[in-house]
Amino acid sequence: MPSKLLTDYPWTTGPVIINAPMAGFAGSALAMAVTQAGGIGTIGSADNITALGTDLQAVADAFSSPSSSYLSASTFYQSTGLLPVGVGMLLFLTTIDAVVPVLQPHPPAFLWLFAAPTLSDYAPWATALRAALPQTRIWIQVGSATAATEVARTAAPDVLVIQGSDAGGHGFARGASVISLLPETAVRLAADPSVEQAGTNITLVAAGGIVEGRGAAAALALGAAGVVMGTRFLAANETVVHSTYRAAMLSTSDGALDTARAPVFDELKGPTIWPPLYDGRAIASLSYLDWTNGVDIEVIRQRYAEAATRDNMGFSDRAPVWAGTGVALVNEVQPARDIVRSVREGTKKALRKALEAI
Ligand SMILES: Cc1cc2nc3c(=O)[nH]c(=O)nc-3n(C[C@H](O)[C@H](O)[C@H](O)COP(=O)(O)O)c2cc1C
């Protein structure tokens, strides 16, 4: 059965590739390039509502222009009034009242909700957003089957992003690789009578550790309707990334040893502001090594603060360089369009090869 994403987001070409809404990194340039290439582009947003407004305006301008080269995405925009991109929001950093006035003039095709302080926070957000933006779909990112079923029951999202623990950036502190998480979640959702009663028909997409065609093929084999990539798109020309951050990513050679999930990355500027449900995966920096060696957190903070004053902002050694376990397979900076196309083609090739092997 073809992916539901192909009909819900009709400018897309399968297999559907989605860029993660990485706040501070994924702006309108990346989202538009991914959408234009037949993927699903997203903009990441944290607490800078003005920047979000500017990004939404840029997308609206690009897709409403009669000379636009974004043909089928433009048709979608002009016929639905929805921007052919999604917007990610980190719920612990913002409020419904702050975001709705910015979203209403340019409603996106979907909102991607993540990082609510507790799972019960998603339902009031989903209700308020549906009332304010009735055509905009709701995606929610979770990292356990239990969270997926609770959120499915209470918030009835259109899409659940199943984020495995290999993911770069923030995710559930207690998690599992997407390889078991996605099928387990599908089984749990199908078996849960209260999810069925909520009348939901939820599409699952996979995130975490996927950077090229082989990983994307695996995600499709697991039952995902689409594939989310964050780390791979950090190496897109259109992403906003400090050059030293990018150099640190490109210099990795072992995703297992060169990255780590740890709370220390959120403790460098002072006590973490993240809710306890979450921690993050980043390059195993000197800050991380100090932490594993039992160095006092105040000393680690002091060393970070000194490094952060340098031109490279400490990305060469002490600042968090958020990246997933797939980072060692990311070896070049490319236009987002080329990433989408090569992963799409690589996925088909990997699936054909897998079939030949049986
Ligand atoms: C630099 C970076 C920033 C991220 N920022 C966000 C964010 O703002 N909101 C969000 O929902 N997820 C965020 N994520 C997590 C992604 O949504 C996604 O789960 C992850 O990138 C997938 O794993 P991968 O990086 O291995 O592809 C971020 C990830 C990275 C690498």
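Reading guide: rules and limits
Residues numbered from 1 in each chain as written. Predicted model: local features only at pLDDT ≥ 70, side-chain atom pairs only at ≥ 80, totals over all residues. Heavy atoms only, no water. Near = heavy atom within 4 Å. Polar contact = N/O pair within 3.5 Å; in protein donor to acceptor, adjacent residues only side chain to side chain. Areas by Shrake-Rupley, 256 points an atom, 1.4 Å probe, with all protein chains shown as cover. Helix = DSSP H or I, 4+ residues; strand = E, 2+ residues; numbered from the N terminus. Domains from an automatic or database assignment. Pairing = 2+ DSSP bridges. Axes fitted to C-alpha atoms, helices over the stretch in contact; angles between N-to-C directions. Contact = heavy atoms within 4.5 Å.

Q: Got a minute to help me understand the site of the ligand in this structure?
A: Around the ligand, a shell composed of 25 residues is seen, among which W112, Q141, G209, G230 and T231 lie nearest. In this structure, P21 approaches the ligand through a main-chain N or O atom, which is 3.1 Å from an oxygen atom. T231 places a side-chain nitrogen or oxygen 2.6 Å from an oxygen atom of the ligand. Out of a free accessible area of 600 Å², the ligand has 97% covered by protein chains. Going through the elements one at a time, strand 4 (108-114) and helix 11 (231-234) are the ones with two or more residues in the shell around the ligand. Residue contributions to the shell around the ligand reach at least three from each of two domains, namely domain 1 (4-241 + 329-356) and domain 2 (243-326).

Q: Can you walk me through the sheet that holds strand 4 in this structure?
A: Within the open sheet, the 8 strands sit side by side as 1-9-8-6-5-4-3-2. Their pairing is parallel. At either end of the open sheet lies a strand with only one pairing partner, and these are strand 1 (17-19) and strand 2 (41-45). The average angle at which neighbouring strand axes cross in this sheet is 25°, direction not considered. Alignment of strand 6 (residues 159-163) against strand 8 (residues 203-207), held across 5 bridges, turns out to be parallel. Looking at the pairing, V161 lines up with V205 of strand 8. Across the sheet, helix 4 (residues 71-80) lies against strand 3 (83-90) and strand 4, angled at about 80° from strand 3, the strand it touches most. Packed on one face of the sheet, helix 8 (residues 178-191) meets strand 6 and strand 8 and runs near 165° to strand 8.

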